[in-house]
Amino acid sequence: MAQISLKNVTKEYHGGILAVDNVNIGIENREFMVIVGPSGCGKSTTLRMIAGLEEMTRGDLWIGAKKVNDVPPKDRDIAMVFQNYALYPHMTVYENMSFGLRLRKYPKSEIDRRVNEASDVLGIKKMLDRRPKQLSGGERQRVALGRAIVRKPEAFLFDEPLSNLDAKLRVLMRAQIHKLRMRLQTTFVYVTHDQTEALTLGDRIVVMKDGKMQQCADPMTIYDKPANKFVASFLGTPPINLMEGMIIKKERKYYFNEGKFQVKLVEEMYKKIAPYEGKKVIFGVRAENIYDRLFVSEAAPDNTVRAVCEVVEPLGSEVYLHLNSGKNIFIARVGAHNRPDVNRDMDIVFDMSKVYFFDCETEKTIV
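What comes next is a walk through the structure. (Residues numbered from 1 in each chain as written. Predicted model: local features only at pLDDT ≥ 70, side-chain atom pairs only at ≥ 80, totals over all residues. Heavy atoms only, no water.)

As a further point, take the nonpolar core. Ranked by size, the top nonpolar core spans 43 residues in total, and within it Met97, Leu145, Tyr190 and Val207 carry the most contacts. Ranked by residues supplied to this core, first place goes to helix 4 (residues 137-149) with 5 residues. Excluding anything up to four places from it in sequence, Leu145 contacts Val81, Leu122, Phe158, Met173, Ile177 and Leu180. Within the second largest apolar cluster, 31 residues are counted, among which are Ile247, Met269, Ala307 and Ala332. (Core = buried A, V, L, I, M, F, W, Y, C linked by side-chain atoms within 4.5 Å. Buried < 20%, exposed > 50% of the residue type's maximum accessible area, 1.4 Å probe, protein only. Helix = DSSP H or I, 4+ residues; strand = E, 2+ residues; numbered from the N terminus. Contact = heavy atoms within 4.5 Å.)

Shown next, in the form of structure tokens:
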């Protein structure tokens, strides 16, 4: 069993710098857990503590039924794939992949079997006699994966393994990692700053900021029901549109007043938003939930906003519209057929059943 459990794990450097602050994560056997966040949020430090490459200041770490706080990395039965591949330049692909097994005194026949099996899965069998300098970035990353696979560990740890690859290679390697996961059926812990990798690979996602865990849930819950403004703004392309305004009540109905426009809330939100009547809140709406009024068959006047379309960005199958309300600039993501005139007024419609409100002080999600 390769369950991994972090209980109140903290990493504090000299000078009182908290890299990881009281993190609690439970990773199930055979789960693919992604830890995502901006640079410096503590995600790689968390992974390195699981690997045993960083000492914890406080807390407990369990792998299976064993507490491993003081267990050296080589005895934790895990394999780590690094961002920079960490291949030995003077060794061939075969020698790099087999190095760990040779250190553990495996029989040559078993080493050959495992290396051939892994290289076949990764499509690098013809490269076994080459050295790293003769390989592309994607090929080197597959060698690094192969070196981890041959060990058949209880868990795999990935530290931003695709960040050095170009966009096309990242897509191919994401698919490769997904196939590997389905084939190997073991536990994966994957660190990245790339939200696309997080959403496409993870069974669950941990979002981190400033050393603290912000939310842990499955990808769609993270996207649809973010715990706070940071989570909502970190995941999503383009980022969620955010603007400050006032909650007001008229004739038993609640409205969000941005200053230049006003939209009516759906009744399901009334109970949670009621305590904020007369107060400032942060309003959030994702780009895909903003529509051109011309393409909406039934749009309530209360949800229709006048804005100037300042920029039209065609992106093949979709178009980004940069809109100015007179106070805020926000982005709508619409179909490729929708290309309004630039610097002209247009009516847009918010899907008010899919908007968010955040507390201005705590930044926690209200509704």
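The next thing to look at is the side chain of Asn338. Its place among the elements puts Asn338 in the loop between strand 18 (329-335) and strand 19 (344-350). At 3.0 Å, the side chain of Asn338 forms a polar contact with the side chain of Asp292. When near neighbours in sequence (up to four residues on either side) are disregarded, Asn338 contacts Asp292, Phe295, Val319 and Leu321. (Polar contact = N/O pair within 3.5 Å; in protein donor to acceptor, adjacent residues only side chain to side chain.)

Turning our eyes to something else, we now look at the pairing of strand 8 (residues 187-192). Extensive coverage of strand 8 is indicated by the burial of 6 of its 6 residues. Of the strand pairs in this sheet, strand 3 (residues 32-36) and strand 8 are connected by 5 bridges, and their pairing is parallel. Along strand 8, the bridge assignment pairs Phe32 with Phe188. The parallel pair strand 7 (residues 155-159) and strand 8 is bridged by helix 5 (residues 167-184), and the resulting crossover is right-handed. (Pairing = 2+ DSSP bridges. Right-handed = clockwise from strand over helix to strand, strands pointing away.)

Now for the pattern of salt bridges. Oppositely charged side chains may form a pair once their charged atoms are brought near each other. One pass over the structure, following the stated rule, counts 18 salt bridges. Here Glu363 ties to Lys229 by a salt bridge, and the two come within 3.4 Å at their closest N and O atoms. Taken together, the residues span a long stretch of sequence, with Glu363 in the segment after strand 20 (356-359) and Lys229 in helix 8 (residues 229-234) at a distance of 134 residues. Relative accessible area serves as the criterion here: at 27%, Glu363 is assigned to the partly exposed category. (Salt bridge = Lys/Arg side-chain N within 4 Å of Asp/Glu carboxyl O.)

Right, let's get into the sheet that holds strand 20. With antiparallel pairing, the 5 strands of this open sheet are ordered in space as 13-12-11-14-20. Two strands in the sheet have a free side with no partner beyond their single neighbour: strand 13 (262-264) and strand 20. Strand-to-strand twist across the sheet, computed as the mean angle between neighbouring axes with direction ignored, equals 40°. Two elements, strand 11 (residues 241-250) and strand 12 (residues 253-257), share 5 bridges in a ladder whose sense is antiparallel. Within strand 12, the residue paired with Ile248 across the bridge is Tyr255. (Axes fitted to C-alpha atoms, helices over the stretch in contact; angles between N-to-C directions.)

For the rest of this paragraph, the subject is the packing of helix 4 against helix 5. With their axes 11 Å apart at the nearest point, helix 4 and helix 5 run at an angle of 15° to one another. Regarding the angle of helix 4 to helix 5, the classification is roughly parallel. As helix 4 packs across helix 5, the resulting crossing turns out to be right-handed. Contacts from Gly138, Gln141, Arg142, Leu145 and Ile149 of helix 4 reach helix 5 at Leu169, Met173, Gln176, Ile177, Leu180 and Leu184. When its residues are assigned to classes, the contact of helix 4 with helix 5 shows 7 nonpolar, 3 polar and 1 charged. (Parallel < 35°, antiparallel > 145°, perpendicular 65-115°, else oblique. Left-handed = near helix turned anticlockwise from the far one by under 90°. Nonpolar A, V, L, I, M, F, W, Y, C, P; charged D, E, K, R; others polar.)

Another aspect to go through is unusual backbone geometry. In the segment running from Thr237 into Pro238, the intervening peptide bond is cis, with an omega of -10°. With respect to the helices and strands, Pro238 occurs in the loop between helix 8 and strand 11. Even without glycine at this site, Ala86 takes up a positive phi of about 55°. Using a relative accessible area of 36% as the deciding quantity, one classes Ala86 as partly exposed.

A separate point is helix 4. Every α-helical turn comprises 3.6 residues, leaving residues that sit three or four positions apart pointing alike. End to end, helix 4 covers 18 Å across 13 residues, agreeing with the expected 18 Å (1.5 Å per residue, within 8%). Counting buried positions along helix 4 yields 11 of 13 residues, so the element is predominantly enclosed. What helix 4 keeps buried is the set Gly138, Glu139, Gln141, Arg142, Val143, Ala144, Leu145, Gly146, Arg147, Ala148 and Ile149. (Expected span 1.5 Å × (residues − 1).)

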